[in-house]
Each structure stands twice: as C-alpha cells, then as structure tokens.
Amino acid sequence: MTEFLPFALPDIGEEEIEEVVDSLRSGWLTTGPKTKRFEEDFATFVGDGVEAIAVNSATAGLHLALEAIGIGPGDEVITTPYTFTATAEVIRYLGAHPVFVDINPTTFNIDPLKIEKAITQRTKAIIPVHFAGLACDMDPIMAIAKKYGLKIVEDAAHSLPTTYHGKLIGTFESDATVYSFYVTKTIATGEGGMIVLRDAEIAKRCRVMRLHGINRDVFNRYATTKPSWHYEVVAPGFKYNMTDVAASLGIHQLKKARSFQKRRAEMAAYYDEAFSDLPVILPPKAPKNDLHAWHLYVLRLDPKVDISRDRFIESMAERGIGCSVHFIPLHLQPYWRDTYNLKPRDFPNALAVYERAVSLPLYTKMSGKDQARVVDTIREILE
Ligand SMILES: Cc1ncc(COP(=O)(O)O)c(C=O)c1O
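The shown structure was predicted, so the numbers you read here are calculated from the model rather than taken from an experiment.

Q: Would you take a moment to explain the overall build of the chain for this structure?
A: Tallying secondary structure elements over the chain gives 14 helices and twelve strands in all. Its C-alpha atoms give the chain a radius of gyration of 21 Å, near enough to 21 Å, the size a compact globule of 383 residues would have. Across the 383 residues in the chain, those meeting the buried criterion constitute 57%. Only carbon and sulfur atoms are counted for the fraction: they give 54% of the accessible area of the chain, which is about 16,600 Å². Looking at charge distribution, the chain has the averaged site of its 44 positive side-chain charges lying 3 Å from that of its 49 negative ones.

This is the structure:
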C-alpha cells in the first residue's frame, strides 16, 4: 500500500529547530527578543517603512486591526463570502455586521464592481481577501474606499509574498494588512500572524490591545534594566501576543519565503501543464510580472464531467491522496445563513466556484514523484 499523501505539510528545517531549542534554553518562552526580531525582519521584508506587529493568529490580527480603526456596534464591513469564517467572525466580535459581496468568477476575489452597490450609511470598512495568494484588484478597491471615506483591512492570510502591480501586498494604502502563519500557510509558525501597517496611532492601539490593554508589552516589562513592576491598564484588551517559540520558527521561515514561493509557482506550473488536456478548469494566474503566493492550487472540475466534486475527493482519498475544499462559502454556513437570512443563490459566483472546486496538495515538502502521483491519480479518475 502506498503511503498517504497529506493535503498539506509545513517545511521546517534544522535552522528553525535550532532556533526553537535556543529559545527553550534561554527561558524565553513567551513574547521576547525573538518576537521583536521577527517583527523587525518582517517589516524589512515588506519594506516601504511599514511597522509589523506579531500576534498569535491572523484571526487575532484582523480583530485587533478592526478594533484599532474604530469598528464598533452597528457598523457594516464589506467582505467576500468566499473566505474562511475568521474573516467575518472578527467583525461580529466588535458588534458590527459583515456585508457580503460576490466574487469575480475568474479570480475568486471580491468583485470591486459589486462593492460600491453594497455601501450604506453604516459602511465603515472593506476587508479584501487575496484568495489562494492571488492579489485582489486593489486599485478600484482603494478608489472606492477613498471616495466613500472607508477603511481597508487586507486579509493577507494566503498571500506572502504576493505582489500587485509589482509591489508586495502590505505596501498599499490600506489601514492594515494581516498575514497568517498557521501550519498550512506559505510560511508557518504553527499558530501565528502579523499585522503590517504605517499609522503610528493604529499601531499603538494594536500593541496595547494585543496584551490586555497594558500600555507596555512584556518584552519591555521584563527586559528593561530599570526595576519595573509598574504598568497601566488603559482598556479591556486581549491576549493575542506571539510566543518566542513561534517567532523562532518565523524568523527562519521568513528567510525562505521567496524560495518557497518560487517552488510553489513551479509546482503550480507543473500541474497546469499536466492537466491541460483534462476536463478541468485551471486556477487563475497572476498577471505577468506579479507574484502569486500559491498558498492553494484550486482546480475546478468541468461541469460536463460526470463525477461530483465530493465523489472526486473521496476517490482521491481512496487512492491515498488528501484534498480539500476552499472554501465552503460563508453564506452556506448555518450561522451566517441564518443570522443574515442568506440564500444559496445570493452569491451565484461563489456558489458556482465552490460546487466544482478541489484544492490539490501543493507544498514544498512534496517531491516530484508525489506530484506525478497526484497527476496520474487524477487522470485515472477522470479518464
Ligand atoms: C482567508 C483567511 N483569513 C483568515 C484566516 C485565519 O488565520 P489564522 O488561522 O492564522 O487565525 C484564515 C485561516 O485559514 C484564512 O484562510
């Protein structure tokens, strides 16, 4: 029996392991010097003078960013239904409401043309999600935000290192950009995230709220040379700080972000080529000269193919290959459906993509042989 090929695996090297061991020996298990270093390295990586704030998940980062830009009860925040529930749940944490806008059926990203129609007196912000690692069309989104005085928080959970018009996501004129380092992401710390922004006041609020609303973070409190037990609580904050153990992974993963992207892009190109004569629809591409982070490779079964998506995934699993689906659109999920009285046909593009979508294994730990096996198995099922 051939070994099971999982849908995703992190790519952790000896450097990461040594750095974690170093943190364990140092006694710095929680937020400390490694977290500070990871933040500095991340800000340098993104460039353009941004500030980076490490958190324990992208969910935490999105929550902090929305709180810091002033989202509150009754506000509306426009986003896509074609995302993970985290994107929308953080809006509810603050008593605000998500307003879903359908995707462009070609890119799977939020359709800027539909955003403007969804704006009301209560709209305060837009959360574009760069799905799978392909940048949203940010020019029209930024123009709409400017026209209506809306904030933008980019959900970049999939998109390190994605570019748009040749510039890294994170360097655009949004209010914050939030990355995820969850185990399956393009760089991984197990659990972890980063907020990237430029406004000093928003950054300060995120830092304070990241740790219980205390006006100094643990690093300063324990590493200062002055005896320092005193702190002030200025708000009922959260417990969202990154640990140095996670940051130890992040420091080395970040150094590999570009080589990981290159490998993922090669792997995506290999799949594209291998599937070119099959009854499938290949994933959307980044424009020439731009980078797709290729967090996900989402293949769609041609509507003409006489196999359901679910049966296809079962057949892959029976042959020892893990696949997934990104995403079950939020408007089909009981909480979102029932709270906002949403119908399946409210977002026809998201529904249509979802019904035929399969995410294939695509990660740097896969060998050429693994990939060839995925291709052969798909041929066997579809032919
Ligand atoms: C689009 C999107 N946003 C946010 C998140 C949340 O990330 P985290 O697990 O780091 O909180 C995810 C996680 O899968 C995601 O896919």
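Still more ground to cover, so stick around.
Q: Whenever I open this one, the sheet that holds strand β12 (residues 357–360) confuses me. Can you help?
A: In spatial order, the strands read β10-β11-β12; together these three strands make up an open sheet with antiparallel pairing. Only two strands of the sheet have a single partner each, and these edge strands are β10 (280–281) and β12. Bridge analysis of β10 against strand β11 (residues 297–301) gives two bridges, and the strand direction is antiparallel. Across the sheet, the residue bridging to Ile281 is Arg300, located in β11.

Q: How should the packing of aromatic side chains be read in this particular structure?
A: How two aromatic rings sit relative to each other is set out by the distance from centre to centre and by the angle between their planes. Summed over all chains, the structure comprises 19 aromatic pairs. Look at Phe84 and Phe327: their rings are 6.4 Å apart centre to centre, the planes differ by 35°, and that puts the pair in the tilted class. One end of the pair, Phe84, is in the loop between β2 (76–79) and α4 (85–93); the other, Phe327, is in the loop between α11 (309–318) and α12 (334–339), with 243 residues separating them in the sequence. By relative accessible area, Phe327 is classed as buried at 9%.

Q: Can you walk me through the site of the ligand in this structure?
A: Lining the immediate environment of the ligand, one finds 16 residues, of which Thr59, Asp155, His158, Ser180 and Lys185 sit closest. Side-chain polar atom of Thr59 to an oxygen atom of the ligand: 2.5 Å apart, as the coordinates give it. Asp155 places a polar side-chain atom, nitrogen or oxygen, 2.7 Å from a nitrogen atom of the ligand. Contact with the protein chains hides 91% of the accessible area of the ligand, taken as 390 Å² for the molecule alone. Counting residues per element, the ones that place at least two in the shell around the ligand are α3 (58–68) and α4. In terms of residue class, the shell around the ligand is built from seven nonpolar, seven polar and two charged.

Q: Help me out: how do you make sense of the environment of Glu18 in this one?
A: When you line up the elements, Glu18 lands in helix α1 (residues 14–26). Taking C-alpha positions, Glu18 is 27 Å from Ala60, a pair spaced 42 residues apart along the chain.

Q: Whenever I open this one, the pattern of salt bridges confuses me. Can you help?
A: Should their charged atoms come close, side chains of opposite charge can pair. Applying the stated criterion across every chain, the model contains 26 salt bridges. A salt bridge links Asp48 to Arg198, with the shortest nitrogen-to-oxygen separation between them at 3.9 Å. Within this pair, whereas Asp48 is found in the loop between α2 (33–46) and β1 (51–55), its partner Arg198 is found in the loop between β9 (193–197) and α7 (200–210), the two being separated by 150 residues in sequence. On the basis of relative accessible area, Arg198 is assigned to the partly exposed category, the value being 38%. One salt bridge connects Lys304 with Asp302, and the closest N-O pair in it is separated by 3.5 Å.

Q: So what exactly am I meant to see when it comes to the side chain of His295 here?
A: Along the chain, His295 turns up in the loop between β10 and β11. When its relative accessible area of 9% is taken as the criterion, His295 is described as buried. If near-sequence neighbours (up to four positions away) are discounted, His295 is found in contact with Ala132, His158, Thr184, Lys185, Thr186 and Arg264.

Q: Whenever I open this one, the packing of α2 against helix α9 (residues 244–255) confuses me. Can you help?
A: A pair of packed helices can be characterised by two numbers: the angle between their axes and the separation between those axes. Relative orientation of the contacting elements α2 and α9 amounts to 30°, with a least axis distance of 8 Å. In terms of orientation, α2 lies roughly parallel with respect to α9. When the axes of α2 and α9 are compared, the crossing they make is left-handed. Residues Pro33, Lys34, Thr35, Arg37, Phe38, Asp41, Phe42 and Phe45 of α2 lie in contact with α9, whose contacting residues are Asp244, Ala247, Ser248, Gly250, Ile251, His252 and Leu254. Looking at the contact of α2 with α9 residue by residue, the classes come out as seven nonpolar, four polar and four charged.

Q: What is the right way to read α7 from this model?
A: Where α7 is concerned, the buried positions are Ile202, Ala203, Cys206, Val208, Met209 and Arg210. His212 sits one or two residues past α7 and shows a positive phi near 60°.

Q: In this structure, what is going on with the nonpolar core? I would like to understand it.
A: Note that soluble globular proteins tend to have their nonpolar side chains buried in a common cluster. One finds Phe38, Phe42, Tyr179 and Met194 to be the most contacted residues of the largest nonpolar core, which totals 42 residues. Within the residue set of this core, elements represented by two or more residues are α2, β1, α6 (138–148), β9, α9 and α10 (257–274). The contact partners of Phe42, leaving out residues within four places of it in the chain, are Ala52, Leu160, Tyr179, Phe181, Met194, Val196 and Leu254.

Cut-off values and rules
Residues numbered from 1 in each chain as written. Predicted model: local features only at pLDDT ≥ 70, side-chain atom pairs only at ≥ 80, totals over all residues. Heavy atoms only, no water. Helix = DSSP H or I, 4+ residues; strand = E, 2+ residues; numbered from the N terminus. Rg over C-alpha atoms; globule rule 2.2 N^0.38 Å. Buried < 20%, exposed > 50% of the residue type's maximum accessible area, 1.4 Å probe, protein only. Areas by Shrake-Rupley, 256 points an atom, 1.4 Å probe, with all protein chains shown as cover. Lys, Arg positive; Asp, Glu negative; His and termini not counted. Charge placed at Lys NZ, Arg CZ, Asp CG, Glu CD. Pairing = 2+ DSSP bridges. Phe/Tyr/Trp six-rings, centres within 6.5 Å; stacked < 30°, edge-to-face > 60°. Near = heavy atom within 4 Å. Polar contact = N/O pair within 3.5 Å; in protein donor to acceptor, adjacent residues only side chain to side chain. Nonpolar A, V, L, I, M, F, W, Y, C, P; charged D, E, K, R; others polar. Salt bridge = Lys/Arg side-chain N within 4 Å of Asp/Glu carboxyl O. Contact = heavy atoms within 4.5 Å. Axes fitted to C-alpha atoms, helices over the stretch in contact; angles between N-to-C directions. Parallel < 35°, antiparallel > 145°, perpendicular 65-115°, else oblique. Left-handed = near helix turned anticlockwise from the far one by under 90°. Core = buried A, V, L, I, M, F, W, Y, C linked by side-chain atoms within 4.5 Å.

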